[in-house]
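# Coordinates in review
Given next are the chains, with one letter for each unit.
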Amino acid sequence: MKVSAQRRRGFVAVVALLSICAVLLGACGGPKEETAYKRQLFAMGTVIEVSLWGVDEARAAEAVRAVEAVLNDAHVRWHAWEPGELTRLNAALGEGRGAEVSAETAAALRRAQELATASGQLFNPAIGRLVGLWGFHSSEPPLGPPPPRDAIVALIEAAPGMDGLRIEDGRVEGDDPAVQLDLGAFAKGYAVDRAIEALRALGIDNAIVNAGGDLRAIGSHGERPWRIGIRQPASQGGIFASIETHGDESVFTSGNYERYFDHEGRRYHHILDPRTGYPAQHTLSVTVIHGEAAAADAAATALFVAGPGEWAPLARRMGISQVMLIDADMKVYMSPEMARRVRFEAQPAPETIIVDEAG
Ligand code: AMP
Ligand code: MG
């Protein structure tokens, strides 16, 4: 059992590594850069790549250890089903009572609560039971079939939400047993923010922390900006588009190709519409660029749920100005700010629609 789990971890690591190679342009196989360091590590179920500019070997090693510590800490605290702080809190919430939590968890949940409100609850980390019902609380992708409609409807009618949680320092109170927390749409972003903070505390100002293709970049790559690739919206995809980051920016993508099963000719993926209980339709992927990684992560998920017809007003409400949404017909919708900086790499260039909410 252990061996096969480890093998699988190894396989996941290799696949994730390949996708990182695709995502961080020039990072793999290109000419050697003299003063840029790239180190890979495995944390939060994915390959993490730390890129640094202008530091020596010893500081690079120290920086990578700091990032690893932050991400491992996040993994243990906030994993949705492996035993840790969140599963202990969920056990208590499921009995209609609260529990003690660390200051770190209280702060993360407060931010998640704010983002859930800003998203009109399309990002709703209280739907853990629903995610579990669909079979996504497992490191193996579920095989289907989809859960019975009655079971889905019952969970939606119970209307779990973040609003009822009272988050104090050291304690979370809740009395709605329907609430089960799943930070899968947010924890990676939140942890990447903390990792960048840890790098800054070490005096590092030019870096990328790339967690399986989702990343936050600070500073630059010497004389030039960091260059980032955005994947094709498919599991085997190459580079679809690229951008250069300016200063401090996070780039997060939610895609239906990340975790899914196919059943009777239909795809059922892991991004659920909290209004219906079913996987959100009509969208393949959403990429968000924003300063804070936690907000970019939560927004990518929420805008995916909002879909081609609703994403633009929601992005505006969430204070997110740079969005690219690819719909089921491979049509590319972008905000004007995103359109100004994206360069399409795939040929032929896709059909694009620029949606100017302000206009
Ligand atoms: P992401 O890849 O960031 O879009 O996150 C997807 C993950 O977040 C899923 O695997 C679930 O664990 C969880 N999730 C799915 N749908 C939602 C939703 N509407 N709101 C919050 N979390 C969700
Ligand atoms: Mg997300």
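Below or above, wherever it landed, is the structure these notes cover.

## Description of the packing of aromatic side chains
- Evaluated as defined, the whole model comprises 9 aromatic pairs.
- For the ring pair Trp134 and Tyr278, a centre distance of 5.5 Å and an interplane angle of 75° mean the geometry is edge-to-face. One end of the pair, Trp134, is in the loop between α5 (128-133) and α6 (149-157); the other, Tyr278, is in the loop between β12 (266-269) and β13 (283-290), with 144 residues separating them in the sequence.
- Between the aromatic rings of Phe186 and Tyr190, the centroid separation amounts to 5.4 Å while the plane-to-plane angle is 35°, which identifies the pairing as tilted.
- A relative accessible area of 0% places Phe186 in the buried class.

## Here we look at the sheet that holds strand β16 (residues 343-344)
- Within the open sheet, the 3 strands sit side by side as β8-β9-β16. Their pairing is antiparallel. For this open sheet the edge positions go to β8 (227-231) and β16, each flanked by a neighbour on one side alone.
- In this sheet, β16 lies alongside strand β9 (residues 239-244) in antiparallel orientation, the contact comprising 2 bridges. Counted as the bridge partner of Ser242 is Arg343 from β16.

## Notes on unusual backbone geometry
- That bond from Gly144 to Pro145 is cis: its omega, 0°, falls within 30 degrees of zero.
- The topology assignment puts Pro145 in the loop between α5 and α6.
- Cis geometry is adopted by the peptide bond preceding Pro348, which originates at Gln347 and carries an omega value of -10°.
- Mapped onto the elements, Pro348 comes out in the loop between β16 and β17 (352-354).
- One non-glycine residue, Gln121, lies in positive phi territory at about 70°.
- Topologically, Gln121 is positioned in the loop between α4 (103-118) and α5.
- You can call Gln121 partly exposed: its relative accessible area is 23%.
- In this structure, Glu264 takes a positive phi of about 45° despite not being glycine.

## Comments concerning the packing of α4 against helix α8 (residues 293-318)
- Remark: α4 packs on α8, axes separated minimally by 10 Å, with the N-to-C direction vectors making an angle of 5°. Comparing their axes, α8 and α4 come out roughly parallel. Contacts between α4 and α8 pair Arg111, Leu115 and Ala118 from the former with Ala294, Ala295, Ala298, Leu314, Arg317 and Met318 from the latter.
- Within the contact of α4 with α8, the residues separate by chemical class into 7 nonpolar, no polar and 2 charged.

## Remarks on empty space enclosed by the protein
- Counted according to the given criterion, the structure contains 2 cavities of 30 Å³ or more.
- Roughly 70 Å³ of volume is contained in the largest cavity.
- Every residue lining the largest cavity is counted, 11 residues in all, and those nearest its centre are Gly213, Gly229, Ile230, Arg231 and Thr253.
- Only β8 and β10 (249-255) provide two or more residues apiece to the lining of the largest cavity.
- Among the elements that make up the lining of the largest cavity, the one with the highest residue count is β8 (4 residues).
- Residue lining of the second largest cavity: Ala126, Ile127, Arg129, Leu130, Leu155, Ile156, Pro160 and Ala178, and that is the complete set.
- Mapped onto the lining of the second largest cavity, the elements with two or more residues apiece are α5 and α6.
- Tallied by class, residues from the lining of the second largest cavity come to 7 nonpolar, no polar and 1 charged.

## Side note on the sheet that holds strand β14 (residues 322-327)
- Ordered by their spatial adjacency, 9 strands build an open sheet running β1-β2-β6-β7-β10-β13-β14-β15-β17, and the pairing between neighbours is mixed. This sheet does not close on itself; its edge strands, each paired only once, are β1 (36-43) and β17. The sheet shows a mean angle of 15° between the axes of neighbouring strands, direction not considered.
- Pairing between β1 and strand β2 (residues 46-53): 8 bridges, direction antiparallel. Bridged to Ala36 within β2 is Trp53.
- Together, β1, β2 and β6 (207-211) form the strand contacts of helix α2 (residues 57-78), whose direction differs from that of β1 by roughly 25°.

Reading the values: the criteria
- Numbers given to residues run from 1 along each chain, matching the order in which its sequence is written.
- Whichever chain is written first becomes A and whichever ligand is written first becomes 1, with later ones labelled in order.
- Residues qualify for local features only when their pLDDT is at least 70, as the model is predicted, and side-chain atom pairs are given and counted only at 80 or more; totals for whole chains, interfaces and linings, by contrast, use all residues.
- Computation of side-chain values covers all heavy atoms of the structure but excludes hydrogens and water.
- We call Phe, Tyr and Trp rings a pair once their centres come within 6.5 Å, taking the six-membered ring for Trp, and we label the pair stacked below 30 degrees between planes, edge-to-face above 60, and tilted otherwise.
- For helices the rule is a DSSP run of H or I covering at least 4 residues; for strands it is a run of E covering at least 2, with both sets numbered from the N terminus onward.
- Each residue is assigned to one of three classes by its accessible area relative to the maximum for its type, calculated with a 1.4 Å probe on protein chains only: buried under 20%, partly exposed between the two thresholds, exposed over 50%.
- What makes two strands pair is DSSP finding at least two bridges between them.
- Convention adopted: a line fitted to C-alpha atoms gives each axis, helices being fitted over their contacting stretch, and angles between N-to-C directions are expressed from 0 to 180 degrees.
- Just so you know how the angles are binned, under 35 degrees is roughly parallel, over 145 roughly antiparallel, 65 to 115 roughly perpendicular, and the rest oblique.
- Working rule for contacts: check all heavy atoms of both residues, and any pair within 4.5 Å makes them a contact.
- Note that Gly is not counted as nonpolar here; it falls among the polar residues with everything else outside the nonpolar set of Ala, Val, Leu, Ile, Met, Phe, Trp, Tyr, Cys and Pro and the charged set of Asp, Glu, Lys and Arg.
- Points on a 1 Å grid, built from protein atoms alone, make a cavity when a 1.4 Å probe fits but cannot get out and make a pocket when they are open with protein on both sides within 12 Å along at least 5 of 7 lines; residues with an atom within 4 Å of a point are the lining residues.
- Grid points are joined across faces, edges and corners, and a volume is the space filled by probe spheres set on the points.

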